[in-house]
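Residue-level structural notes
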Amino acid sequence: MASIADYYAGKSVLITGATGFMGKVLVEKLLRCCPGVSALYVLVRPKAGQSMQQRVSDMMKCKLFDRVREEDPDFHKKVVPISSELTQPGLAISPQDESKLVACVNIVFHCAATIRFDEPLKHALQLNVIATQQLLSLAKQMHNLEAFVHISTAYANCNRRHIDEVIYPPPVEPKKLIDSLEWMDDGMVRDITPRLIGERPNTYTYTKALAECVVQQESDKLNIAIIRPSIVGASWQEPFPGWIDNFNGPSGVFIAAGKGILRTMRANNDAVADLIPVDVVINLTLAAGWYTAVHRPKTALVYNCTTGGINPFHWGEIGECGYHVMSTFKRNPLEQAFRRPNANITSNYLINQYWILVSHKFPALLYDLYLRLSGQKPHMMRIFNRLHKAISLLEYFSSQDWEWNSDNMSMLMGHLSPEDRKTFNFDVRQLNWPEYIENYCIGTKKYVLNEDMSDIPAARQHLRKLRNIRYTFNTLLLVFIWRVFIARSQMARNIWYFVVSLCFKFLSYFRASSTLTN
Ligand SMILES: CCCCCCCCCCCCCCCCCC(=O)SCCNC(=O)CCNC(=O)[C@H](O)C(C)(C)COP(=O)(O)OP(=O)(O)OC[C@H]1O[C@@H](n2cnc3c(N)ncnc32)[C@H](O)[C@@H]1OP(=O)(O)O
Ligand SMILES: NC(=O)C1=CN([C@@H]2O[C@H](COP(=O)(O)OP(=O)(O)OC[C@H]3O[C@@H](n4cnc5c(N)ncnc54)[C@H](OP(=O)(O)O)[C@@H]3O)[C@@H](O)[C@H]2O)C=CC1
């Protein structure tokens, strides 16, 4: 049987969401490990004053493509940008481009989505559901289509605790919802959104569940695979460890902790932290595309792309590893840290609220006061308010436990040749979590914040300065407490002397007993 790279040789691939986090890794991997691939058609919209050609050419200049650039300097010639705005009728693809796609595309990878947790329902529905429907209609017209791979999320069914590799009945018939929302204004939709999404935490997971249903409706006409990754993090191995380019999910949390801004977060220590490296997701996606096209399963196969059932890692370990995160950021500090990194995880709501008050709000207030007094514009409280909003949206996922069945992932691995298992490795049993988390943290510094590793000595110097400020502040606070509360009251003074003499007695006792033992 043909290897995965052999299968993709001579094939034309259509990719949506190619400019996004996962899309970029998919494009890079296809170009590097399937050099025979004929063309990659990428649906891209113009954005922020840049044409789609400019965006794609900028994308291919980024560090992620260094390895493929070394191996084949002409790699970019295979990438064909197609102008498309997915929220528009017909995906806003020109008739010429449409004919070209219909004539030559062999495999579709649908990655585009809005992944914001606070997206208004109408927009999330437009992009995650209606655009998927439109893409499926286009796919049905393609003369040579062999597989349609849809990227969903492991949290599409997060209203359940145990999630099998099946498509569950949708919370509502997508067509009915689309028709109803069409005539409602934004205010009305906002009002009914909580009732509609029910037990799901946001419009993102809700619309991703509806999208799966829309995809399933076409499964008798197309060869379909659905990939459900959990929390996608930095790359594990490829093209190099720790590659990441956004603030989503844990990345923003790690950065905020590294900057010394985030000091506390709520998570269930015993719950699985189902992180999955982006290169693992992409390797599985390409293998699933190959399997779907070659084996043509009778029904749409769903792949829960998760780590929890195979190589579990818990939020509590991130707590310990939180220590690891902290030690990584102390050895490789982020520039211009607000405080020395020191974050803790707690499952207790009240303890978390206490630390938010003491370690977030109070320092922010003091710093803003300092900025005001020195004639600058205060901004720290605003940063903390945004951080609290983001954290409150993430805590749903870090405070609960889910169990995903991932049999199809194992089944797929069983079908790969030993060579393909190496090139398209998605065996997460080999993943070493502490090493992964360390590379992840360094990746946020290098690739998200674009900080130079050669500036680390200056950043360490800055951390030392912050430590000295803290010591000075604590000493001043102690003196202040002494002067205001203790020095003024005889009783407080007596208690103080009593405590000090008790400590002294204990010290003398231990010193004496240790001398005796020696
Ligand atoms: C040691 C302790 C360790 C504890 C670890 C615990 C980790 C827990 C993590 C739990 C993760 C759970 C994730 C669950 C994922 C579900 C999986 C998926 O399917 S789906 C995938 C998962 N989907 C998601 O993760 C999406 C979640 N995100 C959202 O929905 C929204 O971002 C928002 C609502 C949170 C904030 O909205 P809003 O306030 O409107 O803010 P904008 O977004 O518009 O950003 C504005 C600007 O700020 C920038 N920036 C951002 N963060 C930071 C930062 N930390 N710093 C600096 N800067 C930051 C940002 O780049 C932007 O810059 P620019 O472009 O303007 O230059
Ligand atoms: N990241 C994660 O943790 C997880 C992601 N997933 C799923 O993986 C897929 C990819 O996610 P990820 O790469 O992280 O997301 P990104 O937000 O990084 O990328 C989204 C992509 O969709 C494109 N897109 C958005 N709106 C439009 C539009 N109107 N017209 C054309 N293109 C559009 C974006 O293009 P542009 O650059 O123009 O904005 C971008 O290329 C999604 O389906 C998501 O649900 C699943 C589980 C976890």
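Sequence order sets the numbering: in each chain, residues are counted from 1 along the sequence as written. As a convention, the first chain written is A and the first ligand written is 1, with the rest following in written order. At least 70 in pLDDT is required for a residue's local features to be given in this predicted model, at least 80 for side-chain atom pairs to be given and counted, and no such filter applies to totals for whole chains, interfaces and linings, which use all residues. Remark: hydrogens and water are excluded; side-chain values derive from all non-hydrogen atoms of the structure.

By the naming in an unreviewed UniProt entry, the protein chain is Fatty acyl-CoA reductase, taken from Scleropages formosus. UniProt positions are given in the numbering used here, feature names are shortened, and annotations may be inferred rather than shown by experiment. Its UniProt record gives the protein chain a comment under Sequence similarities (unreviewed entry), which states: "Belongs to the fatty acyl-CoA reductase family." Listed in UniProt under the heading Subcellular location (unreviewed entry), the comment for the protein chain reads: "Peroxisome membrane".

Moving on, we come to helix α7 (residues 174-183). The set of residues buried in α7 consists of Pro174, Leu177, Ile178 and Leu181. Buried residues in α7, looked at end-on, bunch into an arc of 100°, giving them a common side. Exposed residues pointing more than 90 degrees away from the buried face of α7 are listed as Lys175, Lys176, Glu182 and Trp183. What makes two residues a contact is simply this: any of their non-hydrogen atoms within 4.5 Å. To qualify as a helix, a DSSP run of H or I must reach at least 4 residues; to qualify as a strand, a run of E must reach at least 2; elements of each kind are numbered from the N terminus. Looking at the buried side of α7, the elements it contacts are α6 (121-141), α8 (186-197) and α9 (203-216). Under the scheme applied here, a residue whose accessible area is under 20% of the maximum for its type counts as buried, over 50% as exposed, and between as partly exposed, the area being computed with a 1.4 Å probe on protein chains only. It is the directions from the helix axis to the C-beta atoms that the arc portrays.

Once that is clear, we can look at the UniProt feature "transmembrane region" (unreviewed entry) in the protein chain. Following the UniProt record, one finds the feature "transmembrane region" (unreviewed entry) at residues 471-489 and 495-512. Secondary structure across residues 495-512 comprises 100% helix and 0% strand; the distance between its end C-alpha atoms is 26 Å.

Here a residue counts as near a molecule or strand whenever at least one of its heavy atoms sits within 4 Å of it. As a structural note, the neighbourhood of ligand 2 is formed by 26 residues, with Thr19, Arg45, Arg55, Glu85 and Tyr204 the closest of them. In this structure, glutamate 85 approaches ligand 2 through a side-chain N or O atom, which is 2.6 Å from a nitrogen atom. Whenever a nitrogen or oxygen atom comes within 3.5 Å of another N or O atom, the pair is scored as a polar contact, on the condition that within protein one atom can donate a hydrogen and the other can accept it, and that pairs from neighbouring residues in sequence are kept only if both atoms are in side chains. Residue cysteine 111 places a main-chain N or O atom 3.0 Å away from an oxygen atom belonging to ligand 2. Contact with the protein chains removes 89% of the 890 Å² of surface that ligand 2 exposes when unbound. When contributions to the shell around ligand 2 are tallied by element, the ones reaching two or more residues are α2 (21-33) and α9. The class makeup of the residues in the shell around ligand 2 is 13 nonpolar, eight polar and five charged. Methods summary: accessible areas were calculated by the Shrake-Rupley approach with a probe of 1.4 Å, and residue burial reflects only the protein chains presented. Throughout, the ten residues Ala, Val, Leu, Ile, Met, Phe, Trp, Tyr, Cys and Pro are labelled nonpolar, Asp, Glu, Lys and Arg are labelled charged, and all others, Gly among them, are labelled polar.

Our focus in this paragraph is the environment of glutamate 199. Structurally, glutamate 199 can be placed in the loop between α8 and α9. Overall, glutamate 199 belongs to the exposed group, its relative accessible area being 60%. Between the alpha carbons of glutamate 199 and alanine 2 there is a distance of 45 Å; along the sequence they are 197 residues apart. In this structure, glutamate 199 is in contact with Asn159 and Tyr396, ignoring residues within four places of it in sequence.

Below, the discussion takes up the packing of aromatic side chains. Two aromatic rings from Phe, Tyr or Trp, using only the six-membered ring of Trp, form a pair when their centres are within 6.5 Å; if the ring planes differ by under 30 degrees the pair is stacked, by over 60 it is edge-to-face, and anything between is tilted. On inspection of all chains with the given rule, the structure shows 22 aromatic pairs. Relative to tyrosine 8, the ring of tyrosine 7 has its centre 5.1 Å away and its plane inclined at 70°; by these criteria the two rings are edge-to-face. On the basis of relative accessible area, tyrosine 8 is assigned to the buried category, the value being 0%. Through a chain of ring-to-ring contacts, the aromatic side chains of Phe117, Tyr155, Tyr204, Tyr396, Phe397, Trp402 and Trp404 assemble into a single cluster.

Two strands pair if DSSP finds at least two bridges between them. The seven strands lie next to each other as β3-β2-β1-β4-β5-β7-β11, forming an open sheet whose pairing is parallel. Both edges of this open sheet fall to β3 (79-83) and β11 (301-305), since each of them pairs with a single strand only. Averaged over all pairs of adjacent strands, the angle between strand axes in this sheet comes to 20°, irrespective of strand direction. Direction of pairing for strand β1 (residues 12-16) relative to strand β2 (residues 39-44): parallel, over a ladder of five bridges. By the bridge assignment, valine 13 is partnered in β2 with leucine 40. Contacting β2 and β3, helix α3 (residues 52-61) runs over the sheet at an angle of about 145° to β3. Each axis is a line fitted through C-alpha atoms, taken for helices only over the stretch in contact, and angles between the N-to-C directions span 0 to 180 degrees. Against the sheet, helix α5 (residues 95-104) makes contact with β1, β2 and β3, and its axis sits at roughly 135° relative to β3, the strand it touches most.

Here we come to unusual backbone geometry. Omega for the peptide link from glutamate 238 to proline 239 comes to -10°, which places this bond in the cis form. Tracing the backbone shows proline 239 in the loop between β8 (231-233) and α10 (250-258). Residue alanine 48 is not a glycine yet carries a positive backbone phi of 50°. Alanine 48 gets classed as exposed once you look at its relative accessible area, which sits at 78%. Even without glycine at this site, asparagine 450 takes up a positive phi of about 50°. For asparagine 450, the location among the structural elements is in the loop between α17 (433-448) and α18 (456-486).

This brings us to the site of ligand 1. Surveying the vicinity of ligand 1 reveals 25 residues, the closest of which are Arg116, Phe117, Thr153, Tyr204 and Gly249. Separating a nitrogen atom of ligand 1 from a backbone N or O atom of glycine 252 is a distance of 3.3 Å. One of the side-chain nitrogen or oxygen atoms of arginine 386 is found 2.9 Å away from an oxygen atom of ligand 1. Protein contact buries 71% of the 1,400 Å² of open area that ligand 1 shows by itself. When residues of the shell around ligand 1 are traced back to their parent elements, those giving at least two are α10, α12 (315-331) and α14 (380-398). If you tally residues by element for the shell around ligand 1, the top one is α14, at five residues. Its residues placed into classes, the shell around ligand 1 shows 17 nonpolar, five polar and three charged.

Interfaces are often sized by the accessible area lost when the parts come together. The domains assigned to the protein chain are domain 1 (4-237 + 274-310 + 402-422) and domain 2 (458-517). Of note, the centres of domain 1 and domain 2, computed from C-alpha atoms alone, are 58 Å apart. Domain segmentation is taken from an automatic or database assignment of domains.

Here we come to the pairing of β1. Most of β1 is tucked away: five of the five residues are buried. Both faces of β1 are covered, namely the face carrying Ser12, Leu14 and Thr16 and the face carrying Val13 and Ile15. A crossover counts as right-handed when, viewed with the strands pointing away from the observer, the path leading from the first strand over the helix to the second turns clockwise. This β-α-β element, β1 to α2 to β2, shows right-handed connectivity. Bridging between β1 and strand β4 (residues 107-110) involves four bridges; their strand directions are parallel. What sits directly across from threonine 16, in β4, is histidine 110.

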